[in-house]
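Letter by letter, the chains look like this.
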Amino acid sequence: MTFMAKERVYITTSIPYVNAAPHVGHALEFVQADIIKRFAELMGKDTLLLTGTDENSLKNVKAAEALKITTQELCDRNSKLFKDLVDAINLDYDIFFRSSDKKNHFPGAQHLWELCDQAGDIYKKEYSGLYCVGCEAFYTEGELENGLCPEHKTKPEMVHEENYFFKLSKYQDKLLKLIESGELEIMSKNRRNEILNLVKGGLDDISISRSVARSKGWGVPVPGDPEQIMYVWIDALSSYLNGIGFGIDEKNFKKWWPADVHVIGKGISRFHTIYWPCILLSAGIALPKRVFVHGYLTVAGEKMSKSNPKTAISPIDVLKKYKSDELRYYLIRDMPTFEDGDFSLDGLKDRTNKELLGDLGNLVSRVLTIAEKSGLKRFEGKPVLQEKLKLDEIKKGAESLDLHETLEKVMEFVRSCNRYINDSEPWKQSGKQLEESLYNLLEAIRIISILLYPFIPETSEKIAAKLGTKVESLDDCAFRDAFLGSVAKGEHLFKKIE
Ligand SMILES: [Zn+2]
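**Q** How should I be thinking about the packing of aromatic side chains in this particular structure?
**A** Any two aromatic rings considered together are summarised by their centre-to-centre distance and by the angle between their planes. The final tally for this structure, using the stated rule, is 19 aromatic pairs. By way of ring pairs, the aromatic residues Y10, Y240, F246, F253, W257 and W276 are connected into one cluster. Note that K125 overlies the ring of F165, its terminal NZ or CZ placed 4.7 Å from the centroid. Positioned above the aromatic ring of F271 is the side chain of R270, whose terminal nitrogen or guanidinium carbon lies 5.5 Å from the ring centre.

Below, the structure written as structure tokens:
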């Protein structure tokens, strides 16, 4: 007998800055990454999900100064807010990685630097440039909009320093080929085209260190130079490697790298699809396979931002009123996977009441009520509802990570089942006819519990428990000859939100 190793899937969220509390946009990214992981598990794959916080930023130093606490205290406090959110939103992460972790992060970050240095790709030079502290990034005049940072709408400061530089320009052609061939897949098409244009426009070498003085000594020291600290973006990106043991635990690192999917927001796509792959090329490390770039959430058309109180809706506050499944469902249902979407509390209430309570909750409760009353123990029949289930499209959607479309397809099936009840009126039926209707509906609900699991895992497991079935594999999503579970109606899945 040969033993087939399970296919491995390594997924990362971005690791956000901790200079302020998380907003609902972070919740969206966590939910997306979680759904990708749970689908991979339903496909029988062995998964690992890394999330965490990016803590070596100059922004943290400044924020801590303003609060008159140490930078580490600020990071501990704010990192916990993100940890609380990933737990509250039910992100099934395996690693919560913090880049201020000297034991697990610093050696890998420095090892990566040394590999690039050995490749001859790091040099030192005098530099002046326009720097946005918000982005922790240099901009050229051409990249600014009316002289302002396109992300923060603030005026960048002119910075003069002697820094280390990375030879990004050297990898321009290689990177172009990798993106064009799809070997490095940038999702979506729009984002891919944007990045291709940037690369074709020419890549300048990038500054990858800061003076100890300007960074106040906070961050990862540059190997062999006590005067310089690694630029926060360079050490932050290496978290994806270090979280799985790069430079410390080669066996584990080899097991999981390369990452299958980096889930990120569009504001940091340049770092993940240009700088990061070029650094990896330089270091001789395999590239991630896919970079999934989601859009931004807006509130009444305005970009959601940690620093704008008008738009900084706290997901933790939302989750005091709503179940994690309700927020998860709304975020995926209303936001296009790869474009911007508008968040509103009215929209959340509406989706919860109309679709989770109205469509899904009512379907499950009606069917189980009738099934319990029928007294039947075995349900067989012709699977007439099967043709309403677009399983191939759902599977394709899950493979191509278009989560929004995939959820829509599953909910279409839920609505078909409700129409089937309304048309067949099983409460008026008896005998073989009733058995056939219930067979179809019970099998349909069993399948729905599996297909909705990545999106709303707690609810799905509750449905499966009512049916005496299990959520295990996408392979179980075909109608069987008979419904073989049990039936226990129990409590309603959702309550009306007032
Ligand atoms: Zn900025």
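**Q** In this structure, what is going on with the environment of D117? I would like to understand it.
**A** Within the secondary structure layout, D117 lies in helix α4 (residues 106-118). Look at D117 and you get partly exposed, because its relative accessible area is 40%. Each C-alpha atom of the pair D117 and L331 lies 43 Å from the other, and the pair is 214 residues apart in sequence.

**Q** Would you take a moment to explain the coordination of the zinc ion for this structure?
**A** Six octahedral donors around a metal ideally make angles of 90 or 180 degrees; four tetrahedral donors ideally make 109.5 degrees. The coordination sphere of the zinc ion, as far as protein atoms go, consists of C132 (SG), C135 (SG), C149 (SG) and H152 (ND1), spread over 2.1 to 2.3 Å. In this structure, the zinc ion is coordinated by 4 donor atoms arranged in tetrahedral fashion, with angles at the metal of 96 to 117°. Mapping the donors of the zinc ion onto the primary sequence gives the spacing C-x2-C-x13-C-x2-H. Highlighted residues: C132 in strand β4 (residues 122-132) and H152 in the loop between β5 (137-139) and β6 (157-166), separated in sequence by 20 residues. Note on C132: relative accessible area 2%, which makes it buried. H152 gets classed as partly exposed once you look at its relative accessible area, which sits at 33%.

**Q** Got a minute to help me understand the pattern of salt bridges in this structure?
**A** A side chain of one charge can pair with a side chain of the opposite charge if their charged atoms are brought near each other. Applying the stated criterion to the full structure yields 34 salt bridges. Where D76 meets R98, a salt bridge forms, and the shortest distance between an N and an O atom there is 2.7 Å. One end of the pair, D76, is in helix α3 (residues 71-88); the other, R98, is in strand β3 (residues 95-98), and 22 residues separate them in sequence. Take D76: its relative accessible area is 35%, and that puts it in the partly exposed class. With a closest N to O distance of 3.1 Å, K289 and D260 form a salt bridge.

Each value, and the rule that gives it
- Residues numbered from 1 in each chain as written.
- Predicted model: local features only at pLDDT ≥ 70, side-chain atom pairs only at ≥ 80, totals over all residues.
- Heavy atoms only, no water.
- Phe/Tyr/Trp six-rings, centres within 6.5 Å; stacked < 30°, edge-to-face > 60°.
- Lys NZ or Arg CZ within 6 Å of the ring centre and 35° of its normal.
- Helix = DSSP H or I, 4+ residues; strand = E, 2+ residues; numbered from the N terminus.
- Buried < 20%, exposed > 50% of the residue type's maximum accessible area, 1.4 Å probe, protein only.
- Donors = N, O, S within 2.8 Å, 3.2 Å for Na, K, Ca; no water.
- Tetrahedral: all angles 85-135°; square planar, octahedral: opposite > 155°, others 65-115°.
- Salt bridge = Lys/Arg side-chain N within 4 Å of Asp/Glu carboxyl O.

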